[in-house]
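Here's the letter readout for the chains.
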Amino acid sequence: MNIIALRDAALHGQAVALDLISSPDTFTQLGLALCAILLAWVLSTRVIAYVSAPVMVPEEQLIRTTRRWLARMQPALYPMFASLLLILGGAFSEAVLGQGWLLRGALLLSILLLADRLIRLFVAGPIAARALRWLLLPVLTLHLLGLLDPVTASLAAMSIEIGNLKLTASGVLRVLVFGSLLFWLGWLSNDAGQSVIRRQARLDIRTREVIAKLFQIVLFLLVSLLLLQVMGINLTTLAVFGGALGVGLGFGLQSIASNFISGIILLFDRSLSVGDYVELEDGQVGYVRELNMRHTTLEAFDGKDVLVPNEKFITSPFTNWTHKNRKQRYRVDFSVAYDTDVRALCELIRATVAAHPQVLSGEQLPLEERPDCEIDSFGDSGINMFVEFWMDGIDDGSNRVGGDLLLEILEALQQHGIQISFPQRE
């Protein structure tokens, strides 16, 4: 009896499928779907050709931003246009034909392809992209098919109780899916927001860093609150949790809290900013490359990154060489024999030092900022001389000027027959 019923159901389903396939409405839906797919391909091709073409005339900021955004979204343009056109085609089919099952199926495939392209574009790590793909695409498929609510109800019935805590399969999956999505959106928003803030040329670099860090903190708090809401935790209980957290910070996490608060103070008092050249009390020097909530990254001239806790810049003295003015004064020492014409020597050394491209010189500068050669002292073997000069930047690393000047001074002395003093013994 069951076999006969199954056979009758199969025959009935076959007849319905044949009627659907041979129906003129089905061919109409197929034509609409093909037209939407073809038109989406044409539109995406035209847009890609537009954003890839070289820019011949200056464009406004809005047009440049739109062009960059479209260039980044190139792989997702085709499924995006296809989804929009299939939605319009499905609405037209429902209004005219009274059905649109084929267009809905094509729309489902198009949306899944669009979601996969977006994951490939915006999720950098292969593990995170694979995890998000396995979590998001099945949930999206069930939602589009209208099966998400029945599946959620079935999962909600699967639960275990541990004391006063009740865990359901739907709750665990909800936390995994939406938690992963929230962290991904938070990471994406943080990178995009900080990139936009740091491109604002109208703001100085310190203001940009302050705004960027405040944006990062606010975004972190927002994602945390949303995740707590997804987990079903009542936010009013955070008052008790905040008191316990304050006690924990006072004892076990005081170093982390101190570095975090010190980082905020550094951002607001503007005593340190990205690009500054600093020298710490222990002799460590380097350029500030990044200001984080816990530490500051210094890049030394040997290429190493030194992570300095923010608290150290608050509690210990340090020298900021480029805080207000990048111009620095340096000195090079040398000595010559006692029979040297010192007045002519000073003019020669001033001209030699001023000829260096990184040394600040010229009649437009104040007299105290031009290269100057003077007598330092009278030594046992000769006259000790020195030359002072100003330069834009730090005399080290790529701006190593002092070593170049020593070589140029030596060559100038040799060319003019000036003897460098040395100890003489009889």
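Structure shown above.
Calculation criteria
Residues numbered from 1 in each chain as written. Predicted model: local features only at pLDDT ≥ 70, side-chain atom pairs only at ≥ 80, totals over all residues. Heavy atoms only, no water. Helix = DSSP H or I, 4+ residues; strand = E, 2+ residues; numbered from the N terminus. Buried < 20%, exposed > 50% of the residue type's maximum accessible area, 1.4 Å probe, protein only. Areas by Shrake-Rupley, 256 points an atom, 1.4 Å probe, with all protein chains shown as cover. Contact = heavy atoms within 4.5 Å. Axes fitted to C-alpha atoms, helices over the stretch in contact; angles between N-to-C directions. Parallel < 35°, antiparallel > 145°, perpendicular 65-115°, else oblique. Left-handed = near helix turned anticlockwise from the far one by under 90°. Nonpolar A, V, L, I, M, F, W, Y, C, P; charged D, E, K, R; others polar. Pairing = 2+ DSSP bridges. Core = buried A, V, L, I, M, F, W, Y, C linked by side-chain atoms within 4.5 Å. Salt bridge = Lys/Arg side-chain N within 4 Å of Asp/Glu carboxyl O. Phe/Tyr/Trp six-rings, centres within 6.5 Å; stacked < 30°, edge-to-face > 60°. Expected span 1.5 Å × (residues − 1). Patch = residues over 30% accessible without salt bridge, like charges linked within 9 Å, V, L, I, M, F, W, Y side chains within 5 Å.

Peer 1: Whenever I open this one, the overall build of the chain confuses me. Can you help?
Peer 2: Each helix and strand counted, the chain has 14 helices and ten strands in total. When the 426 residues of the chain are sorted by exposure, 31% land in the buried category. When the accessible surface of the chain is split by element, carbon and sulfur atoms take 65% of a total near 26,700 Å².

Peer 1: I'm lost on the environment of D372 in this one. Help?
Peer 2: By the secondary structure assignment, D372 is in strand β9 (residues 372-378). Residues D372 and E388, spaced 16 residues apart in sequence, show a C-alpha to C-alpha distance of 5.3 Å. Beyond its immediate chain neighbours, meaning those up to four positions away, D372 contacts R350, F386, V387 and E388.

Peer 1: Teacher, can you tell me more about the packing of helix α13 (residues 342-354) against helix α14 (residues 402-415) here?
Peer 2: Helix-helix packing is characterised by the crossing angle of the two axes and by the distance between the axes. Taken N-terminus to C-terminus, the directions of α13 and α14 make an angle of 135°; their axes are 10 Å apart at the nearest point. By the criterion of interaxial angle, the relationship of α13 to α14 is oblique. Here α13 and α14 pass one another in a crossing that is right-handed. Within the contact between the two elements, α13 uses L345, L348, I349, T352 and V353 and α14 uses L405, E408, I409, A412 and L413. Of the residues contributing to the contact of α13 with α14, the split by class is eight nonpolar, one polar and one charged.

Peer 1: What exactly am I supposed to notice about the sheet that holds strand β10 (residues 383-392) here?
Peer 2: Note on sheets: strands pair through backbone hydrogen bonds, and any given pair is parallel or antiparallel. On the basis of which strands lie adjacent, the open sheet formed by three strands has the order β8-β10-β9 and antiparallel pairing. Of all strands in the sheet, those bounded by a partner on one side alone are β8 (327-336) and β9. Neighbour-to-neighbour, the strand axes of this sheet turn through a mean angle of 25°, independent of strand direction. Pairing analysis gives six bridges linking β9 to β10, with the strands arranged antiparallel. Across the sheet, the residue bridging to S377 is N384, located in β10.

Peer 1: How should the nonpolar core be read in this particular structure?
Peer 2: It is characteristic of soluble globular proteins that their nonpolar side chains tend to be buried jointly. Counting residues in hydrophobic clusters, the biggest one holds 26 residues, and the most contacted among them are F334, I349, M385 and F389. With six residues, the top contributor of residues to this core is α13. Setting aside its immediate chain neighbours within four residues, M385 contacts V332, D333, F334, S335, V336, V342, L345, C346, C373, E374, I375 and D376. If you look at the next biggest cluster of nonpolar residues, it comprises 13 residues, including L77, L114, F122 and A129.

Peer 1: Whenever I open this one, the pattern of salt bridges confuses me. Can you help?
Peer 2: Any two side chains of opposite charge can pair, so long as their charged atoms come close to each other. Scanning the model with the defined rule gives eleven salt bridges in all. The closest approach of N and O atoms between E94 and R104, which form a salt bridge, is 2.5 Å. Taken together, the positions of E94 in helix α4 (residues 74-96) and R104 in helix α5 (residues 101-122) put the pair ten residues apart, joining distant regions of the chain. The partly exposed category is assigned to E94, whose relative accessible area is 36%. Of the charged contacts, one joins E347 and R350 as a salt bridge, the two residues approaching to 2.9 Å between their closest N and O atoms. Within this pair, E347 and its partner R350 are both found in helix α13, separated by three residues, close to a single helical turn. Salt bridges here are not isolated pairs; linked through shared partners, they connect R331, D333 and D376.

Peer 1: Would you mind showing me how to read the side chain of N320 here?
Peer 2: Mapped onto the elements of the fold, N320 is located in strand β7 (residues 318-320). Residue N320 is classed as buried on the basis of its relative accessible area, which comes to 17%. Apart from the residues within four sequence positions on either side, N320 is in contact with S271, L272, D276, Y277 and V278.

Peer 1: Would you take a moment to explain the sheet that holds strand β4 (residues 285-291) for this structure?
Peer 2: Read across the sheet, five strands follow the order β6-β5-β4-β3-β7 without closing on themselves; strand pairing throughout is antiparallel. Both edges of this open sheet fall to β6 (305-309) and β7, since each of them pairs with a single strand only. Averaged over all pairs of adjacent strands, the angle between their axes in this sheet comes to 40°, without regard to strand direction. For strand β3 (residues 277-280) and β7, the ladder comprises three bridges, and the chain directions are antiparallel. Paired with L280 across the two strands is F318, which belongs to β7.

Peer 1: Which parts of the structure should I look at to understand the packing of aromatic side chains?
Peer 2: Working definition: an aromatic ring pair is given by the centre-to-centre distance plus the angle between the planes. Tallied over the entire structure, the rule returns four aromatic pairs. Centre to centre, the rings of F313 and F318 are 5.1 Å apart; their planes meet at 90°, and the pair counts as edge-to-face. F318 sits in the partly exposed class, given a relative accessible area of 22%. Pairing Y330 with F389 gives two aromatic rings, centres 6.2 Å apart and planes at 35°, and the pair type is tilted. Separated by 59 residues along the polypeptide, Y330 in strand β8 and F389 in strand β10 bring together distant segments of the chain.

Peer 1: Just checking my understanding: could you explain the packing of helix α2 (residues 24-52) against α4 for this structure?
Peer 2: Between α2 and α4, the least distance of the axes is 8 Å, while the angle of their chain directions is 145°. Note that α2 runs across α4; the crossing there is right-handed. Tallied by class, residues from the contact of α2 with α4 come to 18 nonpolar, six polar and no charged.

Peer 1: Could you clarify how one ought to interpret α4 in this entry?
Peer 2: Given 3.6 residues per turn, any residue in an α-helix points the same way as the ones three and four places further on. Here α4 is 23 residues long and its end C-alpha atoms lie 34 Å apart, about the 33 Å a rise of 1.5 Å per residue gives. Taken residue by residue, α4 has A76, L77, P79, A82, S83, L86, G89, G90 and S93 as its buried positions. Considering only its buried residues, α4 is in contact with α2, α3 (61-72) and α5. G98 occupies a position one or two residues after α4 and carries a positive phi of about 80°.

Peer 1: Where do I start with a nonpolar patch on the surface in this structure?
Peer 2: Where nonpolar side chains cluster on the molecular surface, the patch consists of L38, L39, W41, V42 and L43 and spans about 460 Å² of accessible area. Since its relative accessible area comes to 42%, L39 is described here as partly exposed.

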